[in-house]
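# Report on the structure
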Protein chains: 2
Amino acid sequence: MADTQTINDMEISERAQLMPSSPIRKLAKYADAAKRNGIHVYHLNIGQPDIKTPECAIEAVRNIDRDILEYSPSQGLLSLRTKMVGYYASYGIDLSPDEIIVTSGGSEAVMFAYMACLSPGDEVIVTDPFYANYMAFAISCGAIIKSVKTTIENGFRLPSVEEFEKQITPKTKAIMICNPNNPTGYLYSKQEMFQIRDIVKKYNLYLFSDEVYRDFIYTKRPYISACHLEGIEDNVVLIDSVSKRYSECGIRIGTLITKNKAVREAVMKFCQARLSPPLLGQIVAEASMQTPAQYMEDVYDEYLSRRNFLIDGLNQIPGVYSPTPMGAFYTMVRLPVDDAEKFCAWCLTDFQYEGQTIMMAPGSGFYTSPEEGRDEVRLAYILNKDDLGKALIVLRKALEAYNEK
Amino acid sequence: MADTQTINDMEISERAQLMPSSPIRKLAKYADAAKRNGIHVYHLNIGQPDIKTPECAIEAVRNIDRDILEYSPSQGLLSLRTKMVGYYASYGIDLSPDEIIVTSGGSEAVMFAYMACLSPGDEVIVTDPFYANYMAFAISCGAIIKSVKTTIENGFRLPSVEEFEKQITPKTKAIMICNPNNPTGYLYSKQEMFQIRDIVKKYNLYLFSDEVYRDFIYTKRPYISACHLEGIEDNVVLIDSVSKRYSECGIRIGTLITKNKAVREAVMKFCQARLSPPLLGQIVAEASMQTPAQYMEDVYDEYLSRRNFLIDGLNQIPGVYSPTPMGAFYTMVRLPVDDAEKFCAWCLTDFQYEGQTIMMAPGSGFYTSPEEGRDEVRLAYILNKDDLGKALIVLRKALEAYNEK
């Protein structure tokens with residue numbers, strides 16, 4: 001090519017242009033500006049709990065007796081993976097340490113599952129609304145998100161087999177579920193999980209199952225893991241994380257789990273390329289496995305009580321509706337506004353009540369089509385009840401002021 | 001699609017099939033087996049130094065005064081980025097904290113640079129041999145690695161402008177360099193850096209410059225960063241890491257740095273999708289910035305003396321040749337064997353000398369074509385001289401035994 005000069009455009013990539021901004025963080029600049037103006041912002045937008053990390057977990061790094069903070073194995077420390085086997089056994093999930101791959105958060109586990117299993121153009125079916133970053137990871141891999149719609153009116157329960165089959169094409173490679181669900185708080189029933197199993201089996205699909213909230217289930221409905229489903233053992237890739245369980249989101253330790261050896265070998269290539277998951281996070285995660293039962297019970301009770309408090313409070317505000325989430329610590333809420341994204345931004349840029357305001361995640365960012373969920377927001381109940389109470393007052397006042405404009 | 005049943009093949013993705021195994025880690029299973037058999041393995045294959053992490057860095061986690069290990073900002077802690085500005089200023093690189101994005105190791109920085117700048121089918125030119133994981137990240141993005149060849153005979157210096165221009169096509173989007181170089185230890189001269197600058201400018205390419213070894217330069221030749229080059233400020237994306245500098249590879253803290261605002265905004269979308277870099281690693285990295293000058297000098301002297309010791313020792317073994325690396329802590333070595341990969345495996349599976357053996361990274365894994373570098377290995381001088389001396393004896397004995405077979 002030396003004879004004819006080639007001038008290339010220095011553009012950002014097609015995928016970067018396609019990448020949506022995170023609905024959870026896209027309003028961050030407005031929140032920062034509000035804070036600089038002295039306004040207290042209640043963060044209902046992000047799943048960053050105010051629950052203390054277990055003492056034994058933090059003590060593990062305080063007592064670290066290493067003098068080199070070296071690489072760990074690409075698959076993660078064997079001692080950590082061995083302890084995890086016990087944790088999963090307590091949920092009736094039978095694993096060996098080899099079947100567990102430690103990742104930099106659940107995020108990397110999703111990314112590697114997609115990278116290993118989905119070629120460009122391949123399709124993965126999610127239930128709308130869905131955790132928005134699945135879209136980002138799909139775009140990163142050139143994969144395509146298709147969706148079956150769940151709605152606030154029917155409490156976000158699973159659509160029929162027919163609705164799934166309408167979306168299945170020769171390019172369909174996987175179904176991705178989040179159970180208990182972020183953003184809806186829905187928990188799939190046994191019947192619904194069997195329905196998913198049957199579709200997965202019939203069309204020979206991967207089932208990516210994000211179950212990072214399994215420790216937070218507030219209903220008597222039993223928890224059915226994708227790993228409990230018989231006959232699709234090789235189809236299932238479990239996505240997990242210790243972030244929420246032990247309130248240690250910042251350590252970035254997740255797991256990718258599968259009985260499918262070919263998938264594990266493929267995932268390990270991506271693991272080796274990034275060398276290793278964080279060492280200190282693994283030390284914390286391993287120590288977290290010793291967390292006293294009392295801590296877990298207290299945290300559970302706290303979330304349950306926050307959920308009840310928030311949902312009651314929301315449904316008492318005129319025009320506001322939230323179903324009662326069965327798990328996780330989020331709820332999708334319908335607001336009496338035309339455009340919840342505008343309202344969320346306005347709360348940060350143009351509103352305050354007694355020096356306070358709220359940050360919420362606009363609902364449309366959790367749907368495949370930006371036309372869906374326009375009057376919805378996702379709220380996380382990760383603040384204490386005192387703050388949740390104040391946030392509810394601010395929301396009520398904000399809606400009044402916004403609708404009087 | 002409900003009427004005709006679609007059966008899909010559950011295969012791993014095309015990219016996973018293309019992904020090479022890491023040449024640094026692919027023989028790990030043989031090394032594990034050797035260790036189980038009671039053989040001591042000298043690891044010359046991986047850049048995991050035995051140098052102690054600075055005391056102040058480990059003290060920072062020992063003294064952690066947080067009770068929630070929460071998410072950090074997607075871009076990384078501002079306090080860390082602010083301190084990094086001072087570090088770069090000491091190398092004549094003028095930055096603001098906004099221009100620094102904290103990543104999960106230098107690996108994630110390369111991945112995000114490719115993700116943000118390279119569309120599927122786009123080409124990036126590297127100098128052969130190159131850090132093998134660049135290939136893994138390119139495959140992850142659907143980008144294509146093209147190469148210009150450097151050779152052990154000419155000490156791995158930069159090929160001519162004409163050699164680069166032969167590789168430039170309308171799909172060429174970037175040149176990627178590693179300086180000082182892993183795996184060769186080469187340091188580009190001012191003239192070579194100006195040559196790169198001129199090509200980048202003429203064809204309007206991105207210049208991805210991996211400079212994680214800048215603190216380890218053993219020659220009077222001045223260090224020229226890509227960030228020192230005038231007129232291509234918007235083209236440069238600097239890849240960096242604290243891993244090697246402070247012997248803290250396991251904390252997984254790197255940086256992606258660019259003056260190009262569009263690239264930063266694109267990269268931030270990928271950062272937001274993975275939520276945040278590791279919190280504990282950032283605490284360690286920030287404390288590492290206070291490492292006493294004496295530590296850095298001692299470590300430098302240690303590597304310099306190891307380099308001299310290893311290169312002298314290698315060149316005294318009959319048939320072995322290594323150029324003298326100017327920086328980093330690797331060298332590409334020519335061995336008197338037909339197939340270095342077979343020899344490396346054999347050292348682990350079929351050889352021991354007084355209960356010891358060596359693990360090396362086969363050279364061919366660092367070239368775009370597996371036919372290149374067949375008689376080369378990459379060695380890291382990250383062991384103390386006592387161990388390096390023993391490893392040299394083992395290598396000499398292994399070569400004798402292998403060639404007598």
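Up top you'll find the structure we're talking about.
Below is a summary of the structure that appears in this document. Keep in mind that this is a model prediction, so the values were computed, not measured. (Residues numbered from 1 in each chain as written. Chains lettered and ligands numbered in written order. Predicted model: local features only at pLDDT ≥ 70, side-chain atom pairs only at ≥ 80, totals over all residues. Heavy atoms only, no water.)

## With respect to the pattern of salt bridges
Where side chains of opposite charge bring their charged atoms close, a pairing between them can arise. Counted only if it meets this: When a carboxyl oxygen of Asp or Glu lies within 4 Å of a side-chain nitrogen of Lys or Arg, that pair is called a salt bridge. Burial classes: relative accessible area under 20% of the type maximum marks a residue as buried, over 50% as exposed, and values in between as partly exposed (1.4 Å probe, protein chains only). We count a stretch as a helix when DSSP gives it H or I for four or more residues in a row; a strand needs E for two or more, and each element gets its number in order from the N terminus.
Enumeration over the complete set of coordinates arrives at 54 salt bridges over all chains. Linking E211(B) and R214(B) is a salt bridge whose minimum nitrogen-to-oxygen distance equals 3.8 Å. Of the two residues examined, E211(B) and R214(B), each falls in the buried class. The shortest N-O distance in the salt bridge between R334(B) and E376(B) comes to 3.7 Å. Of this pair, R334(B) sits in strand β9 (residues 330–334) while E376(B) sits in strand β12 (residues 376–380); the two residues are 42 residues apart in sequence, bridging distant segments of the chain. For R334(B), a relative accessible area of 24% corresponds to the partly exposed category. Here E376(B) falls in the buried class, since its relative accessible area comes to 4%. One connected set of salt bridges, linked through shared partners, spans E211(A), R214(A), D215(A), D240(A) and R245(A).

## So, the sheet that holds strand β12 (residues 376–380) of chain A
Residue and element names in this part refer to chain A. Note the threshold: Strand pairing requires that DSSP identify at least two bridges connecting the strands.
Taken in spatial order, the three strands line up as β9-β12-β11 in an open sheet, and their pairing is antiparallel. Two strands bound the open sheet, and with one partner strand each, they are β9 (330–334) and β11 (361–362). Of the pairings in the sheet, the one linking β11 to β12 comprises two bridges and is antiparallel in character. Each residue of the ladder has a partner; that of A361, found in β12, is R378.

## Some details on the relation of the copies chain B and chain A
Rule in force here: Superposing copies: least-squares fit, C-alpha atoms only, residues required to have pLDDT of at least 70 in both. In this description, contact between two residues means that some pair of their heavy atoms is separated by no more than 4.5 Å.
Once chain B is rotated about the relating axis by 180° and shifted along it by 0.0 Å, it coincides with chain A to within an RMSD of 0.0 Å. Here the two chains are linked by the operation of a two-fold rotation axis. Among all residues of chain B, the one whose C-alpha sits closest to the rotation axis is R62(B), at a distance of 1.9 Å. Comparing contact sets, 100% of the residues at the interface of chain B also lie at the interface in chain A, consistent with an isologous, same-surface contact.

## A short note on the environment of L275(A)
Structurally, L275(A) can be placed in the loop between α9 (261–273) and α10 (279–288). C-alpha of L275(A) to C-alpha of Q75(A): the two residues are 200 residues apart in sequence and 9.0 Å apart in space.

## Quick word on helix α11 (residues 293–315) of chain B
Our working definition: How far a helix is expected to stretch is found by multiplying one less than its residue total by 1.5 Å.
Here α11(B) is 23 residues long and its end C-alpha atoms lie 33 Å apart, about the 33 Å a rise of 1.5 Å per residue gives. In this fold, the buried residues of α11(B) make contact with β9, β12 and α13 (385–404) of chain B.

## As for the interface of chain B and chain A
Heads up, the condition is: The term buried area refers to how much accessible surface (probe radius 1.4 Å) is lost by two components on association, counted for both of them together. Think of it as three bins: nonpolar holds Ala, Val, Leu, Ile, Met, Phe, Trp, Tyr, Cys and Pro, charged holds Asp, Glu, Lys and Arg, and polar takes everything else, Gly as well.
Taken residue by residue, the interface counts 93 residues in chain B and 94 residues in chain A. Of the roughly 7,700 Å² buried at the junction of chain B and chain A (both faces included), carbon and sulfur atoms supply 56%. There are two salt bridges connecting chain B and chain A. For the salt bridge of K52(A) with D67(B), the shortest nitrogen-to-oxygen distance reads 3.7 Å. Secondary-structure elements contributing two or more residues to the side of chain B that touches chain A are α1 (14–18), α3 (55–62), α5 (105–117), α6 (133–141), β5 (172–178), α8 (190–203), α9 (261–273) and α10 (279–288) of chain B. Ranked by residue count, the leading element in the side of chain B that touches chain A is α9(B), at seven residues. Looking at side-chain class alone, the side of chain B that touches chain A contains 46 nonpolar, 26 polar and 21 charged residues.

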